[in-house]
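# Coordinate inspection notes
Each chain, written out:
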Amino acid sequence: MTPLQQLLKRLKIPKKTFPIAILGSLLISSILYIAVSGVLDGVLPYYVFKQTAAPVAFALNQLGIHWADIVISIGALCGITSVLLVSFFGQSRVFFAMSRDGLLPEFFSRLHKDFRTPTNGTIIVGIFASVLAAFLPITELAELVNIGTLAAFIIVSAAIIILRKQKPELKRPFKTPLVPVIPILAIVSCFFLVTQLPSITHIRFILWLIIGLFIYYFYGRKNSLLSGNK
């Protein structure tokens with residue numbers, strides 16, 4: 001078997017290709033973001049971009065390239081739509097997994113008889129997201145999403161350290177290197193970004209967290225399959 005055939009064979013193994021795909025996409029995206037930021041900083045002074053939420057389109061418009069402004073705006077709209085769809089389906093699957101483990105009512109883990117998808121969770125998430133999008137400014141929604149994502153990253157990073165000490169024998173298809181250095185750096189970085197968000201976002205996040213803990217302690221904790229209570 002040639003080296004190319006061996007490489008192609010390895011790429012067919014999801015547990016090996018998924019981490020490569022995730023880390024590779026993050027690396028490429030980071031390089032592109034840095035490159036675009038550098039170009040924009042060369043086109044206009046950095047402080048000028050504080051007045052706009054669409055810096056690329058704004059810079060092109062200032063240069064008189066109005067047709068590119070429209071193309072960039074359409075591309076950004078398509079990109080936001082794809083991100084919304086991924087988040088939309090991802091959240092419904094999170095509810096499905098939590099319901100299957102007993103942390104949420106069984107309603108969320110029921111599958112459609114034909115499509116075999118968690119229809120109930122998808123409908124609930126869709127209605128909830130639509131209501132929020134209709135009545136809240138996009139800046140406030142973005143801040144809530146940011147603080148929620150950063151908090152999730154902090155929790156996952158802390159869990160890596162805890163599980164590495166408590167259950168070192170667990171089978172890990174992808175093993176985080178340089179533990180605890182990398183998880184600690186991730187926690188510090190994410191916490192710093194959290195501190196840069198407005199105080200009202202912190203208050204909203206705390207209230208949302210209290211609601212989640214309330215559901216866990218009064219329902220999920222008693223019905224969790226992992227706790228052995230069922």
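Starting from 1, residues in each chain are numbered consecutively following that chain's sequence as written. Selection of residues for local features in this predicted model requires a pLDDT of at least 70, selection of side-chain atom pairs for listing and counting requires 80 or more, and totals for whole chains, interfaces and linings are taken over all residues. Only hydrogens and water are set aside; all other atoms, that is, all heavy atoms of the structure, feed into the side-chain values.

## What about the environment of Asn120?
Put simply, the test is: Here a strand is any run of E in DSSP of at least two residues, a helix any run of H or I of at least four, and the numbering for each starts at the N terminus. Contacts between residues were defined by any pair of non-hydrogen atoms, one from each residue, lying within 4.5 Å. Think of a polar contact as two N or O atoms within 3.5 Å of one another; within protein, one of them needs to be a possible hydrogen donor and the other a possible acceptor, and neighboring residues in sequence only count if both atoms come from side chains.
Take Asn120: it is sitting in helix 5 (residues 119-135). Not counting the four nearest positions on each side in its chain, Asn120 is found in contact with Phe107 and Arg110. A polar side-chain atom of Asn120 sits 3.0 Å from the main-chain carbonyl oxygen of Phe107.

## Some details on the pattern of salt bridges
Quick reminder of the rule: For this document, the term salt bridge refers to a Lys or Arg side-chain nitrogen within 4 Å of an Asp or Glu carboxyl oxygen.
Applying the stated criterion across every chain, the model contains one salt bridge. The salt bridge involving Glu140 is made with Arg204; its shortest N-O contact spans 3.3 Å. One end of the pair, Glu140, is in helix 6 (residues 138-166); the other, Arg204, is in helix 8 (residues 199-223), with 64 residues separating them in the sequence.

## Focus on the side chain of Thr201
Our working definition: For each residue, the accessible area found with a 1.4 Å probe, counting protein chains only, is set against the maximum for its type, and the residue is called buried under 20%, exposed over 50%, and partly exposed in between.
Secondary-structure assignment places Thr201 in helix 8. When its relative accessible area of 1% is taken as the criterion, Thr201 is described as buried. A polar atom in the side chain of Thr201 sits 3.0 Å from the side chain of Glu143.

## Brief notes about helix 8
Here is the rule: Given a helix with a known number of residues, its expected span is that number minus one, times 1.5 Å. Here the bend at a residue is taken as the angle between two axes, fitted respectively to the seven residues that end there and the seven that start there.
In this model helix 8 runs 35 Å from its N-terminal to its C-terminal C-alpha over 25 residues, within 8% of the 36 Å that 1.5 Å per residue would give. Taking the largest bend as the criterion, helix 8 deviates by roughly 45°, centred on Tyr216. Along helix 8, the residues classified as buried are Thr201, Gly220 and Asn223. As for helix 8, its buried residues are in contact with helix 6.

## Points about a nonpolar patch on the surface
Under the convention used in this document: The patches reported here contain residues having more than 30% relative accessible area and no salt bridge. Joining distances are 9 Å for like charges and 5 Å for nonpolar side chains (Val, Leu, Ile, Met, Phe, Trp, Tyr). All accessibility values rest on the Shrake-Rupley procedure with a 1.4 Å probe; residue burial counts only the protein chains present in the view.
A cluster of nonpolar side chains, Phe128, Trp208, Leu209, Ile211, Leu213, Phe214, Ile215, Tyr216, Tyr217 and Phe218, forms an exposed patch at the surface whose accessible area comes to about 1,100 Å². Top element by residues in the nonpolar patch is helix 8. It accounts for nine residues. By relative accessible area, which is 43% here, Tyr217 ends up partly exposed.

## Remarks on the environment of Val43
For Val43, the position within the fold is in helix 2 (residues 14-43). Along the backbone, Val43 and Leu60 are 17 residues apart, and their C-alpha atoms lie at a distance of 9.0 Å. Beyond its immediate chain neighbours, meaning those up to four positions away, Val43 contacts Ala59 and Leu63.

## Regarding the confidence of the model for the protein chain
In regions of low pLDDT, the predicted coordinates are not meant to be interpreted in detail. This is how the line gets drawn: Values of pLDDT, ranging from 0 to 100, describe the predictor's confidence in every residue of the model.
When the pLDDT values of the protein chain are averaged, the result is 85; 93% of them are 70 or greater. When pLDDT is averaged over each helix and strand of the protein chain, the minimum, 67, is found for helix 1 (residues 3-11) and the maximum, 95, for helix 7 (residues 181-195).

## Here we look at the nonpolar core
Put simply, the test is: In these notes, a set of buried Ala, Val, Leu, Ile, Met, Phe, Trp, Tyr and Cys residues joined through side-chain atoms within 4.5 Å is what counts as a nonpolar core.
One finds Leu40, Leu44, Val48, Phe49, Phe58 and Ala59 forming the largest nonpolar core, which totals six residues. In this structure, Phe58 is in contact with Leu44, Val48, Phe49, Gln51 and Thr52, ignoring residues within four places of it in sequence. In terms of nonpolar packing, the next biggest core, distinct from the first, is built from five residues, Ile147, Cys190, Val194 and Leu197 among them.

## Let's talk about helix 4 (residues 66-100)
Helix length check: helix 4 (35 residues) gives 51 Å between terminal C-alpha atoms against 51 Å at 1.5 Å per residue, within 8%. Taken together, the buried positions of helix 4 are occupied by Ala68, Asp69, Ser92, Phe96 and Ser99. At the C-terminal side of helix 4, Gly102 shows a positive phi close to 90°.

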